[in-house]
Amino acid sequence: MRTIFDYRKRNGTGGILPELDVPAKKTTDLIPQDLIRQDKPRIPNLSEPEVVRHYTALSKLNYGVDDGLYPLGSCTMKYNPKVNEDVAHLPGFASIHPAVDPELAQGSLSVVHKMSRLLCGITGMADVTLQPAAGAHGEITGMFLLKRYFEARGETQRTRILLPDSAHGTNPASAATAGFSVTEIRSGADGLVDLNALSGELDETVAGVMLTVPNTLGIFEENIMKITAMVHATGGLCYFDGANLNAFLGHARPGDMGADVFHFNLHKTMSAPHGGGGPGSGPVAVSEALVPFLPVPRVRLDRGRYYLDWEKGQSIGSMHSFYGNFGVFLKAYTYILTLGDEGLYEAGENAVLNANYLQERLKKTYRLPYDRLCKHEFVLTGKGIADGISTLDIAKRLIDYGFHPPTIYFPLIVHEALMIEPTETESRETLDRFAEALEKIASEAQENPDLLHNAPHTAPVRRLDQTRAARNPILTYPFGD
Ligand SMILES: *Cc1c(COP(=O)(O)O)cnc(C)c1O
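Residues numbered from 1 in each chain as written. Predicted model: local features only at pLDDT ≥ 70, side-chain atom pairs only at ≥ 80, totals over all residues. Heavy atoms only, no water.

Draft legend 1. Main features of empty space enclosed by the protein. Tallied over the entire structure, the rule returns one cavity of 30 Å³ or more. When its volume is computed, the largest cavity comes out at roughly 50 Å³. In this structure, the largest cavity is lined by Leu-217, Ile-219, Gln-359, Leu-368, Tyr-370, Arg-372, Cys-374, Phe-378 and Val-379. (1 Å grid on protein atoms, 1.4 Å probe; cavity = no way out; pocket = protein on both sides within 12 Å on 5 of 7 lines; lining within 4 Å. Points joined across faces, edges and corners; volume = space filled by probe spheres on them.)

Here it is in structure tokens:
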């Protein structure tokens, strides 16, 4: 039976529009003939309700931070306050064209400028670029800055980057992509950089060290001042991967610890949504010596007017069109202003408190290879829970309890790793429910291992071949056309 919603039968498209009351102009009139396609695209011809139901059904298959705890270690899946979205959607910000004359974009440019100053304040560093679109993009920007710095000094023999084995996985990739070779520095039994191993590698071929702070075990390098002093003494620079700034937000500043480059993940620390939720932003803060090399254009303020400074000088060039992912740093800017100094301090404090609360409870059931006060996250191992049970089984069973699993099999220095980061936005009740679920799973592993082997039992899909799922996604509309 036809319904009034069956628009496609009426005009051949999914939508319905009133009769034109102006002369019709076909888009094809405006496009050069040789650029017009000859055959119709093969896309489904559907009515509005079919399209709405399709996307609503898809959205229900997903699990997001608005559904519940998302303790994905290293990813800082904190709740994203909705006021951030309201600000990012203000028409004055959302509708402005990026190519508009800067004179007409004074409000937006002032946000870029003020945000840079806020991030300088938070890090204690000299200047910031907001261009990088993600953490790893910030890393490669930082690596280019180091490269250009040493070129300018005529020290082109500095071709090595030293990287602890507890660093984030993107670090070695970024260093290598920028043309450096990577030397791994091992960690000691305490999970900290082995200072002897570090000093054994430091010489005039080293451009710098790349430290994940805190490291991927959730442990802060206690010897950070010694490390940066050692690197500086041999003429190298210190890159800090600050994606996990949540661990010391408002408590300590990388600039005071000797960082020369520090990248943020605004989509982690400053609550902008990420993963499936949207694009990222990975601003890079630098010490005085690296300011001349920052990407152009720079947003500057002169006698009350903001303008774009394209003067290239020694700059590495542009890392992103326009100023970066403007909408993302608008959300982060809103978050910072909403919380203020004290709020940011509390966010950092509670992130650490929540992680330690869970660590202390869960280490009674699961092994904790590096047993010490943690920062924003900690790493358990699924080893030893029961014969024939892997960390993957435990993670999949958590889905049946309504929780997103933590990061697993990373960092590599812990076998069968379960990397848990609760963030500060979770209540004690939620943390208790999560701990209870993991404790129950540990008993199930003993009593009924197949329950874990076959998990998840409640999810629409069970165990995917993740590599193939990412490489060969099935994107066809299920109804055919
Ligand atoms: C998330 C993360 C990155 C990478 O950030 P992206 O935005 O995913 O590129 C780098 N380092 C650490 C420590 C991280 O947690």
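There is more to say, and it comes next.
Draft legend 2. Local environment of the packing of aromatic side chains. Counted according to the given criterion, the structure contains eight aromatic pairs. Taken together, a centroid distance of 5.4 Å and an interplanar angle of 80 degrees make the contact between Phe-220 and Phe-248 edge-to-face. In this pair, Phe-220 is assigned in the loop between strand E4 (206–212) and helix H9 (224–233) and Phe-248 in the loop between strand E5 (237–241) and helix H10 (254–257), connecting sequence segments 28 residues apart. Grouping residues by exposure puts Phe-220 and Phe-248 together as buried. (Phe/Tyr/Trp six-rings, centres within 6.5 Å; stacked < 30°, edge-to-face > 60°. Helix = DSSP H or I, 4+ residues; strand = E, 2+ residues; numbered from the N terminus. Buried < 20%, exposed > 50% of the residue type's maximum accessible area, 1.4 Å probe, protein only.)

Draft legend 3. View of the site of the ligand. Near the ligand you find 14 residues, and of these Ser-74, Gly-135, Asp-241, His-267 and Lys-268 are the closest. Between Gly-135 and the ligand, the recorded distance is 2.8 Å, taken from a backbone N or O atom to an oxygen atom. Take Ala-136: an N or O atom from its main chain is 2.8 Å from an oxygen atom of the ligand. Put simply, the parts of the chain that give the shell around the ligand at least two residues each are helix H6 (135–152) and helix H11 (266–269). Take the shell around the ligand: its biggest share by element is three residues, from H6. (Near = heavy atom within 4 Å. Polar contact = N/O pair within 3.5 Å; in protein donor to acceptor, adjacent residues only side chain to side chain.)

Draft legend 4. Representation of the sheet that holds strand E10 (residues 378–381) in the model. Strand order in the open sheet made by the three strands is E10-E12-E11, with antiparallel pairing throughout. Each edge of the sheet is formed by a strand with only one pairing partner; in this case those strands are E10 and strand E11 (407–408). Of the pairings in the sheet, the one linking E10 to strand E12 (residues 417–420) comprises four bridges and is antiparallel in character. Looking at E12, one finds that Leu-380 is bridged to Leu-418. Where helix H12 (residues 326–362) meets the sheet, its contacts fall on E10 and E12, and the angle it forms with E10 comes to roughly 20 degrees. (Pairing = 2+ DSSP bridges. Contact = heavy atoms within 4.5 Å. Axes fitted to C-alpha atoms, helices over the stretch in contact; angles between N-to-C directions.)

The values reported here are purely geometric and, on their own, carry no functional implication.
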